[in-house]
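Breakdown of the fold
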Amino acid sequence: RKGNLMALRELALRRTADQLRRGAWTEAADDLRQPPMSTVPSAFGELAAQVEGVMGETERRWKARAELSADWYWETDEQGRIANLTADSTLLQSAGRPLADVLGKRLDELGFVQPNDGHWSPLADRMTRQERFHNLELTVQGPTPRWVSLNGRPRWRKDGSFAGHEGLGRDITLRKMSEQMLVKHNRELQLAVASRTRELEMSNRDLDNFAQQLANELRTPIGQVQAMADLLGTRMADHLQADDAAILDLQRRAAADMRVALDALLDLARSSTEGIERQEVNLSRLAEAVIAELPAIDRVAPVLWDIQPGLTAWASATQMRIVLQQLLGNAAKFTRRAERPVVSFTGAHDTEGLLTLKLSDNGVGFDDSRAERLFQPFFTTKFTGRGLGLAAVLGIVRRHKGALRVSSVPGEGTTFTIWLPLADAPASEGTTADA
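Numbering of residues begins from 1 in every chain and follows the order in which that chain's sequence is written. Predicted model: local features are reported for residues with pLDDT of at least 70 only, side-chain atom pairs are reported and counted for 80 or more only, and whole-chain, interface and lining totals are derived from all residues. Only heavy atoms go into the side-chain values, all of them from the structure, while hydrogens and water stay out.

1. Focus: the pattern of salt bridges
Operational definition: Within this document, salt bridges are pairs made up of a side-chain nitrogen of Lys or Arg and a carboxyl oxygen of Asp or Glu, the two lying within 4 Å of each other. Burial status follows relative accessibility: with a 1.4 Å probe on protein chains alone, a residue under 20% of its type maximum counts as buried, one over 50% as exposed, and anything between as partly exposed. Put simply, DSSP H or I for four residues or longer makes a helix, DSSP E for two residues or longer makes a strand, and each gets a number counted from the N terminus.
Within this structure, the stated rule accounts for 16 salt bridges. Arg126 serves as the salt-bridge partner of Glu131, at 3.3 Å between the closest nitrogen and oxygen. With relative accessibility at 27%, the residue Glu131 sits in the partly exposed group. A salt bridge links Glu293 to Arg321; its shortest N-O distance comes to 3.3 Å. Separated by 28 residues along the polypeptide, Glu293 in helix 8 (residues 283-293) and Arg321 in helix 9 (residues 317-334) bring together distant segments of the chain. Through salt bridges with shared partners, a single ionic network connects Glu137, Arg175, Lys176 and Glu179.

Have a look at this one:
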């Protein structure tokens, strides 16, 4: 009899170990308290108490985890019908439905739940193929509409057969509302920027039209002043005193200066308002054309123009003509007293995708500590005139999203360096000067 009892206890212990491995904690504790185990309370009763203690602690931890977690549990059968759902889940609370209304139904059979993309087929396909899925976003209609996200995985029975899906759901309403608010603000910002851009474009066109009309109105009286001075000088040539001839010559030069200033003002206005229509521009040919059109001036010696062939840029041809007219014109003017004047125009592409252009002369030069001020309209020196041309050059380079630098040494010459991007890039900060 004693041997039979030992065998029964050994068998019971093995069964208990198997139950514990399978997680059947309650079943194991109940068996430990049944005969023949109860005949040895000091051993099996204590073991049962420990099992129940572990069960209580585990249950407490899982309960705390469930209460503190933002996620809730759900489960379906092999047909995709809801078999289990946390009672305080967002699906039920936001719709104001009892658990009984959803048990035994598929998600697509719940009229108050809809996928954000409007299609149930992706979820149905994954469930049919018994696959995992992540971040399935649903909208739950009700007194307080909410958004939820579901993650799921297949679950299996002990015999290996498919039992359905299980997973966690999470309320993502706050995130979705933030996303919608951000989209709304971005849309409003885009509309505001587009509206402001249209206003600026219209304003620029109006300013350009006004500048051109004003220039046309001013050209006529300026031309008349110059023409009357020429006519008076011709008719009174034999009767004019030296002072009178000097006054007429001063009048002619003042009218010519006014016309140059007017043209420079127009170039400055166009450099900031004219649209940029980019194309491949042969800068070498454009420079040669500009040089051929430069006005004749008194010089000590003719200029040696050193123009690198084949220089091309993706830019506005009309605006690059203004740049070359100003820079080449200044180079010609400021080398007129040089015994062997040389003006070079070169360029190269660097590894960063920039076209670097250099226009150098060996003219009078200037103190480049004032280089920044040269590009301000109406900043005058005996070398730079009114500064309108260089201001237009700077505006054009900036509109091409490039950069401009000037360096000079008095008595030795000046070099203008221009960087132009091969593609759109952030606008430059402005100009710099090298000592």
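2. Considerations on the packing of aromatic side chains
Heads up, the condition is: In this scheme Phe, Tyr and Trp rings, the latter by its six-membered ring, pair at centre separations within 6.5 Å, and the angle between planes marks the pair as stacked below 30 degrees, edge-to-face above 60, and tilted otherwise.
What the rule picks out here adds up to 2 aromatic pairs. Between Trp74 and Phe133, the ring centres sit 6.0 Å apart and the planes meet at 20°, which makes this aromatic pair stacked. Of this pair, Trp74 sits in strand 1 (residues 71-76) while Phe133 sits in strand 4 (residues 133-140), placing them 59 residues apart in sequence. Using a relative accessible area of 7% as the deciding quantity, one classes Trp74 as buried. A ring pair is formed by Trp156 and Phe162, whose centres lie 5.6 Å apart and whose planes are at 65°; its orientation type is edge-to-face. Looking at Phe162, the relative accessible area reads 14%, which means it is buried.

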